[in-house]
Every structure is written in structure tokens, then in C-alpha cells.
Amino acid sequence: MDKFVPDLIAILGQERVLFEPEHLAVYGFDGTAALSGTASCVAFPITTEEVSKIVKYAAAHKVPVVSRGSGTGLSGGSIPQAGSIVLCLAKMDKVLELDEKNLTVLVEAGVITLTVTELADAAGLLYPPDPGSGKISTIGGNVAENSGGLRGLKYGVTRDYVMGMEVVLASGEVVWLGNKCVKDVAGYSMKDVFIGSEGTLGIITRVLLKLVPKPQAKKTLLATYSRMDAAAETVSAIIAAKIIPCTLEFLDKITIQCVEDFAHIGLPLDAEAILLMETDGHPAVIAEEAARMEEIARKCGAVTVQVAQTANETDKLSSARRSAFSALARISPTTILEDATVPRSELAKMVNFIQGVAQRYNLRVGTFGHMGDGNLHPTFLTDERNKEEMHRVEQAMKEIFDFAIQLGGTITGEHGVGLAKKGFLAASIGNASLELIKQLKRTLDPDCILNPGKIFDL
Ligand SMILES: Cc1cc2nc3c(=O)[nH]c(=O)nc-3n(C[C@H](O)[C@H](O)[C@H](O)COP(=O)(O)OP(=O)(O)OC[C@H]3O[C@@H](n4cnc5c(N)ncnc54)[C@H](O)[C@@H]3O)c2cc1C
């Protein structure tokens, strides 16, 4: 047991501090393949005051603090380093206020994303960010990663719904940033600095989220293609026609086959790609938009276009995309999910490039993703015990990131940098931006106790 564990037990009590090796093993990894670590202990605060006390203690003793929500991250952000305290916010899971006059909800950081979705729905409202992990991920984790989801094209990402937040700084001081005002330009928008900071600048304890009126209706369409670039052309043509669907998701051939094998939806196994399209809003508008989207898809070369007629059919078609990751993950011992992102106009080039790289390196790569956002998830189906294959995976990934950057894209559209992609950050954002980020880190966390070694090395 590390010497500071008894001091944490004095703050939280025996039952909210874990330090036995078998417990630490469970908190040693997240959703990222082939990465793990071991902390000294895992602490479960239930109030902001407790978080503040732990951070003050850590600051005084220069102990690293790794914040953690549900550990579903896909870039290794919550993987602990030796000698660290994992600060797991999962027990801070209270919904504090639903304000229907201002259309906001105030929650603790450990509240599960789906809880907010369901709460909003019951009040006739919508909380749009919907990461595929929403049944498990926490709001704190979503804010720390600035998570996206399937509705990003029309509704944006987590950042667009954060109106305020309570943060415990590296000193242990508690600050509140933002408010319920729709407009506020008093000072710098400091909440935006913490959104997407991956636990490296402060610990988010409460979040004030914006809700929007629930769309009255939704129409779901599924188009199949014998050519991948025809699917990409459909996306560009729909947007050029000034239609912004809430969802434009695609699956490639390998993914279609894995999903069908897993979920038995009736997907065509010979299709090169499928496109899931959804439009929401006023029933008259969406009926017209759906008809135009069907027409555009057919013009761009869709082999079939199916329009869901009932809620059951909608669920069935949507589940094709929602089960993509789980379906691929069944195929091999190790699943490495990437999220290279390019401007929409470059999608077809990027998808073709990924397929070429997979062939050249003799790897199995299923690609799916948020096609309307240019956010692709090339997913490597591999085995981390096969060192030679893992070496090829690394080379292939580097080529994919380099090409995404060359096309004006980014190494990550929604999963963050964490440990997994920090080696590529300078190439993605440039040395001057990286230095600016480091200066901010040095200012807010001078002793570098908050999630050190994530995103960059100081
Ligand atoms: C099946 C699956 C599907 C997914 N689909 C999507 C998707 O569609 N879109 C998407 O964007 N991501 C997706 N993800 C990735 C992941 O779910 C998100 O990044 C999510 O926001 C992480 O939430 P979490 O609570 O699990 O955070 P964790 O994994 O525990 O932590 C993630 C990062 O946030 C930091 N952190 C956590 N809580 C706090 C806090 N309270 N204060 C400060 N820092 C904190 C951690 O230190 C870490 O750096 C998916 C993951 C899986 C496994």
C-alpha cells in the first residue's frame, strides 16, 4: 500500500478507496486496445468538497491525479500511471436540476449520458450529443473528451451543449464557469478551455447542459451501394442540396458483414457500402427531405433505398450502425478503433486510401463512421500478441493519419489524443499550437499533477 493511501482513507473512508492489486487491475485500462497501467489507489468522491480535498492533498504531495468516468475512452485518457490516484467520478451521479424555463439541466459529472437523454425526452426535450457509448459513458467524460455522436452533423458535439461547469483546479480551488445566459461575453470563455482537456487542466464536477425542443418526427432511410465512392458522393450531393440530415452514417463491406452476422438485420452481404440517413423536424418538412434524399441517393448510384415505415423498422435500420463497433469487436482478440477525420469533400479519397493501406499491409480493417461529419472509424481487427502484425498496424495507422493531415483533416474527430495519439499531435496541429497548449498547462497546473503524460509530454 502506498504511503498516501491511509490519508485518502481518512478523507473518504475505507469503503471509497481501493488499493488491492485485483481492484487496481480493473481500473488499469479503458476502451483503448493494448494500453494499460497501474495506479496506487482508486478514490470515489461523492461531493465536490471531497474532490477538492483530494486534489489539495495531491498538490501538496505532488501525486499525479487521473480523473476517470466510466473508462470507455478510446485514446487511453484515463489509463493511470504508476504512483497515481485514480479519481473516479462515477459515484457523483445526481441530476440536480431540470430547468424547463431556461431549457437546461444541471448534473454531477458522473451522471450517465443516457440518463440525460431520457430525462430530456420525458420532458419533451432533446439532449442531442449521443456517443455510441451513451449507455455507459459519463457526462464528465463526454465533456473532457468533447465527445461527438451520430447526430453531430445537424446538432454539433458536446461543446455546443455545455453552458457552464464547476471545475476543481490543480490547486484544489473550486471555480464555476459559465451560466444559464444564452449570451455572455464577460471575460474569456474559460469553460471552453476545459472542454476537451482530457483531465489535464482540471476536474469537472458539475455540468450545466443545454437542451433543445424535441423534433416532432424523424424519417430513417438506408441506401446500399456497389461502390464506396457513390456513398461519399451521395453525402456531398445531399449537403449541396441544402439538406442537413441529423444522421449520415456509413458502413463498409467488412463492417456490413460483421454487423449482419451479429445482428441479423437483413443487410445485403454483397454491398460495398451502406448509408444510414435520418432527417428530423416537422413531419411535412421531413417527408419532403426524405423524398429528396432518396432521389439524390438513387441518382448517385444507390442500388436500393429503403425508407423505414414504422418505429420498429427505424430501430432496426439504426441498429445496423449502432452495433458496428460491437460487431467488429467480436472478430479478433484486439480491436483498434481510429477516428481520422477529413473535410467532407475529401471523404471518398480518404476511404479509398484506407482500403488501399489495408491491402498493402495485409490487414483486416472495417471502416464505418459519421460520413456527414467526415469522421471515419477505420477499425483494425488484430491481435496485440502478434508483434509482427501490430507493427504493420502501427505503420498503417501512421499512413492514415499522415494522409488525413495532408487532406486538411485531423488525427482525431472525437476520441481525443490521450496516450494513443500524442506522438501525432505536433504533425496535426503544428509546433506553435502545441507550445500554446503547453503554456496553458503550465499556467493552470504548474506541478503537472493532473493526468500527466496525456495529450503531450511537457
Ligand atoms: C462502444 C463505444 C462507442 C463509442 N462511441 C463514441 C462516439 O460515438 N463518439 C465519441 O465521441 N466517443 C465515443 N466513444 C468514446 C468514449 O465513450 C467517449 O470518449 C466518452 O466521452 C468517455 O466517457 P467516460 O465517462 O467513459 O470517460 P473516461 O474514459 O473515464 O475518461 C475519458 C477522459 O476524460 C477524462 N475525464 C473523465 N471524467 C472527467 C472529469 N469529470 N473531469 C475531468 N476529466 C475527466 C479522463 O481523464 C480521460 O482523459 C465510444 C467508446 C466505446 C467503448
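Placed above this text is the structure.
Residues numbered from 1 in each chain as written. Predicted model: local features only at pLDDT ≥ 70, side-chain atom pairs only at ≥ 80, totals over all residues. Heavy atoms only, no water.

### Some words on the environment of His-282
Piece 1. When you line up the elements, His-282 lands in the loop between strand E14 (273-281) and helix H10 (283-299).
Piece 2. Of the residues examined, His-282 reaches a relative accessible area of 43% and is grouped as partly exposed.
Piece 3. Separated by 64 residues in sequence, His-282 and Lys-218 place their C-alpha atoms 8.4 Å apart. (Helix = DSSP H or I, 4+ residues; strand = E, 2+ residues; numbered from the N terminus. Buried < 20%, exposed > 50% of the residue type's maximum accessible area, 1.4 Å probe, protein only.)

### A few points about the packing of aromatic side chains
Both the distance between ring centres and the angle between the ring planes are used here to describe each pair of aromatic rings.
Piece 1. Following the criterion strictly, the structure yields 4 aromatic pairs and no others.
Piece 2. Between Tyr-127 and Tyr-161, the ring centres sit 6.2 Å apart and the planes meet at 80°, which makes this aromatic pair edge-to-face. Remark: Tyr-161 occurs in the loop between helix H6 (152-155) and strand E8 (162-168) and Tyr-127 occurs in the loop between strand E7 (125-126) and helix H5 (139-145); sequence separation between them is 34 residues. Taken individually, Tyr-127 and Tyr-161 each receive the classification buried, so the pair is uniform in this respect.
Piece 3. Plain terms: the ring middles of Phe-401 and Phe-424 are 4.7 Å apart, the flat faces sit at 65° to each other, and that makes the pair edge-to-face. (Phe/Tyr/Trp six-rings, centres within 6.5 Å; stacked < 30°, edge-to-face > 60°.)

### Some remarks on the sheet that holds strand E2 (residues 41-43)
Piece 1. Reading across the sheet, the 4 strands line up as E1-E2-E4-E3 and stay open at both edges, with mixed pairing between neighbours. Looking at the sheet topology across the chains shown, the edges are occupied by strand E1 (17-18) and strand E3 (65-68).
Piece 2. Pairing geometry for E2 and strand E4 (residues 85-88), over 3 bridges, is parallel. Paired with Ala-43 across the strands is Leu-87, a residue of E4. (Pairing = 2+ DSSP bridges.)

### Topic: the packing of helix H8 (residues 228-240) against helix H13 (residues 347-360)
Piece 1. Contact geometry for H8 and H13: axes closest at 9 Å, N-to-C directions at 155°. With respect to H13, the axis of H8 lies roughly antiparallel. Pair H8 / H13 crosses with right-handed handedness. Within the contact between the two elements, H8 uses Met-228, Asp-229 and Ala-232 and H13 uses Leu-347, Ala-348, Val-351 and Gln-355.
Piece 2. In the contact of H8 with H13, the residues fall into 5 nonpolar, 1 polar and 1 charged. (Axes fitted to C-alpha atoms, helices over the stretch in contact; angles between N-to-C directions. Parallel < 35°, antiparallel > 145°, perpendicular 65-115°, else oblique. Left-handed = near helix turned anticlockwise from the far one by under 90°. Contact = heavy atoms within 4.5 Å. Nonpolar A, V, L, I, M, F, W, Y, C, P; charged D, E, K, R; others polar.)

### Some details on the sheet that holds strand E18 (residues 375-382)
Piece 1. Read across the open sheet, the 7 strands follow the order E15-E12-E14-E13-E17-E18-E16; overall the sheet is antiparallel. The open sheet terminates on both sides in strands that have one partner only, identified here as strand E15 (304-307) and strand E16 (334-337). The mean angle between the axes of side-by-side strands here comes to 15°, regardless of whether they run parallel or antiparallel.
Piece 2. Pairing analysis gives 6 bridges linking strand E13 (residues 247-252) to E14, with the strands arranged antiparallel. Bridge pairing in E14 links Phe-250 to Leu-275.
Piece 3. This element, H13, spans E13, strand E17 (364-370) and E18 of the sheet and lies at about 10° to E18.
Piece 4. Lying over the sheet, helix H14 (residues 387-406) contacts E16 and E18, oriented at roughly 170° with respect to E18.

### Quick notes on helix H1 (residues 5-12)
Piece 1. Those residues of H1 not exposed but buried are Val-5, Leu-8, Ile-9 and Leu-12. One side of H1 carries all its buried residues, which in axial view fall inside an arc of 105°.
Piece 2. Buried residues along H1 sit in contact with E1, E2, helix H3 (48-61) and E4.
Piece 3. Phi turns positive, to about 95°, at Gly-13, one or two residues after H1. (Arc of directions from axis to C-beta.)

### Some thoughts on the layout of surface pockets
In this approach, a probe sized like a water molecule rolls over the atoms, and the result shows the empty space that is left.
Piece 1. Taken as a whole, the second largest pocket spans an internal volume of roughly 610 Å³.
Piece 2. Lining the second largest pocket we find 28 residues, and of these Gly-196, Glu-198, Val-417, Ile-437 and Ile-455 sit closest to its centre.
Piece 3. Residue assignment for the lining of the second largest pocket shows that the elements contributing at least two residues are helix H7 (190-194), helix H15 (425-429) and helix H16 (431-444). (1 Å grid on protein atoms, 1.4 Å probe; cavity = no way out; pocket = protein on both sides within 12 Å on 5 of 7 lines; lining within 4 Å. Points joined across faces, edges and corners; volume = space filled by probe spheres on them.)

### Things to note about the site of the ligand
Piece 1. Neighbouring the ligand are 33 residues; Ser-67, Thr-72, Ser-133, Thr-138 and Ser-147 lie closest to it.
Piece 2. Between the ligand and Gly-69, the relevant distance is 2.7 Å, taken from an oxygen atom to a main-chain nitrogen or oxygen of the residue.
Piece 3. Contact with the protein chains covers 94% of the free accessible surface of the ligand, which is 980 Å².
Piece 4. Elements with a contribution of two residues or more to the shell around the ligand: E3, H5 and strand E10 (203-210).
Piece 5. Considering every element that reaches the shell around the ligand, the biggest residue donor is H5, with 5 residues.
Piece 6. When grouped by side-chain class, the residues that make up the shell around the ligand number 8 nonpolar, 21 polar and 4 charged. (Near = heavy atom within 4 Å. Polar contact = N/O pair within 3.5 Å; in protein donor to acceptor, adjacent residues only side chain to side chain. Areas by Shrake-Rupley, 256 points an atom, 1.4 Å probe, with all protein chains shown as cover.)

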